[in-house]
Amino acid sequence: MTDRLYYHDSFLYEFEGEVREITESPRPAVTLDRTAFYPTSGGQIHDTGWISSATTKQRVTEVADGEDGRVVHYLEAPAKDLAPGSHVRGEIDVLRRQDHMQQHSGQHVLSAAFVRLFQMPTVSFHMADDYCSIDLETLSLSKEQIESVESLANEIILENRPVDIRFVTRAEAGKLGLRKIPATERDELRLIDISDFDVTACGGTHVRQTGQIGCILLRKTEKVRQGYRVEFVAGLRAVAAARRDFTTLTEAAALFSAHIYEVPRQATKALEEIKTLRKQGAQFLEELAAAQAAALLAETPEADGRRVVVRTFSDRDINFVKLFAQKLTRLAPNVVALLGTSSPQAALVFAQSSGQNHDMGARMKETLGKFGGRGGGSQDMAQGGLPEASQVEPALAFAKLSFLT
Ligand SMILES: [Zn+2]
């Protein structure tokens, strides 16, 4: 069993110990008689740092709870020059530890504030690399509730209340009105006591005074199976998150040449404009197709009771060409439209005024078969794609020929 120095002092960043066990596989790891390294547990993620002897310095990349109360330090590389009995020095990555203390103590303040104000118990705590979250047992959670909890939590931080570590028996703990008593068989409980605000059993590393948390910023909330999940950041993470948000918002505001607080209004306005312009664009295309179809039909002579219209577009997509075919074939009862576009995608559209007895689907298949494209359609309207833009005109000429013979 490893003596856990962090139980008594979360600010102990360096310590000396003795190697108990060395493992090479599956990953190099070392166990000591005592450690200040915190292993991942209770929602808090592990410390990192270094373990060194007179001749070697190893990076500790992960720390985990092992069997029989041992703390296992995983090393970046095999522990050369270390053996059971070696004296070593441990160094914790201070910035990472301080960040974890800010998040975890912040979580205690936050969870207590949710209970104080709205009787919403915390059922779980999760610490990720850049944010944290708690799950609350509640059927609803409003924006106003979030704001009042955030405000109370920050007041408690500002009051700089002492945060004490205490060890009590389960019987004693029962009389203290703990927010949470863990289900363990151990008789001794470690309590984190935020003066006159919260007492909770917890094995994590915590600040000495609430002021060291810095601040708490509540962020996303979402409905989860058992209640609500609330994301938050505390201390320097809150500063980093606010900086990121500001940078993003500033970039968005620059696009609109507006103040950052104007972004939602400007974005709404821009989206509405896009919608209107799309509608207008569609209407213009419809009118353009109708006008061009009428003009083209007027200059197409009738032969054998049919008016075979052939036209290639170089800058219209297939949707416009289909629209054009529709307009043409509705203008007169005897129209056969053989249309193509070379850009953005080479494509063909064949259509006839309804009531005629050609099979445009079959003509399309026949033409595509000769030029290596794919497509098909019904008796009155068919479409297909061609591999090359240069094939559009020869394909239309081929199709026209079959209507003239
Ligand atoms: Zn805790």
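One numbering rule holds for all chains: residues counted from 1, following each sequence as written. For this predicted model, a pLDDT threshold of at least 70 governs which residues receive local features, and a threshold of 80 or more governs which side-chain atom pairs are given and counted, while totals over whole chains, interfaces and linings are taken from all residues. Note that the side-chain values use all heavy atoms of the structure and ignore hydrogens as well as water.

1. Notes on the sheet that holds strand E5 (residues 49-52)
Alright, step 1. Taking strand neighbours around the barrel as the criterion, the six strands line up as E2-E3-E7-E6-E5-E8 in a closed arrangement whose pairing is antiparallel. Across this sheet, the average inter-strand angle for adjacent strands is 45°, counted without regard to direction.
Alright, step 2. Relative to strand E8 (residues 87-92), E5 runs antiparallel, the two sharing four bridges. When the sheet's bridge partners are listed, Ile 51 is paired in E8 with Gly 90. Strand pairing is defined by DSSP finding a minimum of two bridges between the two strands. Comment: elements are numbered from the N terminus, with helices defined as DSSP H or I runs of at least four residues and strands as E runs of at least two. A fitted line through C-alpha atoms represents every axis, and for helices the fit uses only the stretch in contact; the resulting angles, taken between N-to-C directions, go from 0 to 180 degrees.

2. Topic: the side chain of Gln 145
Alright, step 1. As for its position among the elements, Gln 145 is in helix H2 (residues 143-158).
Alright, step 2. Looking at Gln 145, the relative accessible area reads 17%, which means it is buried.
Alright, step 3. Polar contacts, as used here, are pairs of N or O atoms within 3.5 Å; protein pairs need one atom able to donate a hydrogen and one able to accept it. Residues neighboring in sequence count only if both atoms are side-chain atoms. From its side chain, Gln 145 meets the backbone nitrogen of Ser 142 in a polar contact 2.9 Å long.
Alright, step 4. If we ignore the near neighbours within four places in the chain, the residues touching Gln 145 are Phe 118, Met 120 and Ser 140. When accessible area is computed with a 1.4 Å probe and restricted to protein chains, residues below 20% of their type maximum are described as buried, those above 50% as exposed, and intermediate ones as partly exposed. Whether two residues are in contact is decided by their heavy atoms, any of which lying within 4.5 Å being enough.

3. Quick look at the coordination of the zinc ion
Alright, step 1. Water is not among the atoms examined, so metal sites may look incomplete; donors are the N, O and S atoms within 2.8 Å of the metal, or within 3.2 Å for Na, K and Ca. For the zinc ion, the full set of protein donor atoms is His 104 (NE2), His 108 (NE2) and Cys 202 (SG), at a range of 2.1 to 2.3 Å.
Alright, step 2. Counting along the primary sequence, the residues that act as donors to the zinc ion give the motif H-x3-H-x93-C. Of this pair, His 104 and His 108 both sit in helix H1 (residues 94-118), four residues apart, roughly one helical turn.
Alright, step 3. Judged by relative accessible area, His 108 falls into the buried class, the value being 2%.

4. Quick word on the nonpolar core
Alright, step 1. Only buried residues count toward a nonpolar core. Its members are Ala, Val, Leu, Ile, Met, Phe, Trp, Tyr and Cys residues joined through side-chain atoms within 4.5 Å. Judged by nonpolar contacts, the single largest core of 35 residues is most densely connected at Leu 110, Phe 114, Ile 216 and Leu 218.
Alright, step 2. The set of elements that each furnish at least two residues to this core consists of H1, strand E9 (122-127), strand E10 (132-136), H2, strand E12 (188-194), strand E14 (216-224) and strand E15 (227-234).
Alright, step 3. For Ile 216, the residues in contact, after removing those within four places along its chain, are Gly 106, Val 109, Leu 110, Glu 150, Ala 153, Asn 154, Ile 157, Val 233 and Ala 234.
Alright, step 4. Of all hydrophobic cores here, the second largest spans 18 residues; its members include Leu 323, Phe 324, Leu 328 and Val 349.

5. What to know about the pattern of salt bridges
A side chain of one charge can pair with a side chain of the opposite charge if their charged atoms are brought near each other.
Alright, step 1. Just to be clear on terms, a salt bridge is a Lys or Arg side-chain nitrogen sitting within 4 Å of an Asp or Glu carboxyl oxygen. A complete count under the given rule lists 19 salt bridges for this structure.
Alright, step 2. In this structure, Arg 89 engages Glu 14 in a salt bridge whose closest nitrogen and oxygen atoms are separated by 2.3 Å. Here the residue Arg 89 occupies a position in strand E8, and Glu 14 occupies one in strand E2 (residues 14-23), the gap between them amounting to 75 residues.
Alright, step 3. Note that Arg 166 is salt-bridged to Asp 193, the shortest N-O span being 2.7 Å. Placement of Arg 166 in strand E11 (residues 163-169) and of Asp 193 in strand E12 is noted, with a sequence separation of 27 residues between them.

6. Examining the environment of Asp 304
Alright, step 1. Its place among the elements puts Asp 304 in the loop between helix H5 (263-298) and strand E16 (307-313).
Alright, step 2. For Asp 304, a relative accessible area of 71% translates into the label exposed.
Alright, step 3. Note: C-alpha distance between Asp 304 and Phe 197 (107 residues apart in sequence) is 97 Å.

7. Let's talk about the sheet that holds E12
Alright, step 1. Pairing within the open sheet is antiparallel, and its three strands lie in the order E11-E12-E13. Each end of this open sheet is capped by a strand with a single partner; those strands are E11 and strand E13 (198-201). Sheet twist, expressed as the mean angle between neighbouring strand axes with direction ignored, is 25°.
Alright, step 2. Judged from the seven bridges that link them, E11 and E12 form a sheet pairing that is antiparallel. Paired with Asp 164 across the bridge in E12 is Asp 193.

8. Some details on unusual backbone geometry
Alright, step 1. Going from Ser 25 to Pro 26, the amide bond is cis rather than trans, its omega being 5°.
Alright, step 2. In this chain, Ser 343 is followed by Pro 344 through a cis amide linkage whose omega measures 5°.
Alright, step 3. Here the phi dihedral of Asn 160 falls at roughly 50°; this positive angle occurs in a residue that is not glycine.
Alright, step 4. Inspection of the secondary structure puts Asn 160 in the loop between H2 and E11.
Alright, step 5. Of the residues examined, Asn 160 reaches a relative accessible area of 34% and is grouped as partly exposed.
Alright, step 6. Located in the positive-phi region is Asp 196, a residue other than glycine, with phi close to 55°.
Alright, step 7. In this structure, Asp 196 sits in the loop between E12 and E13.

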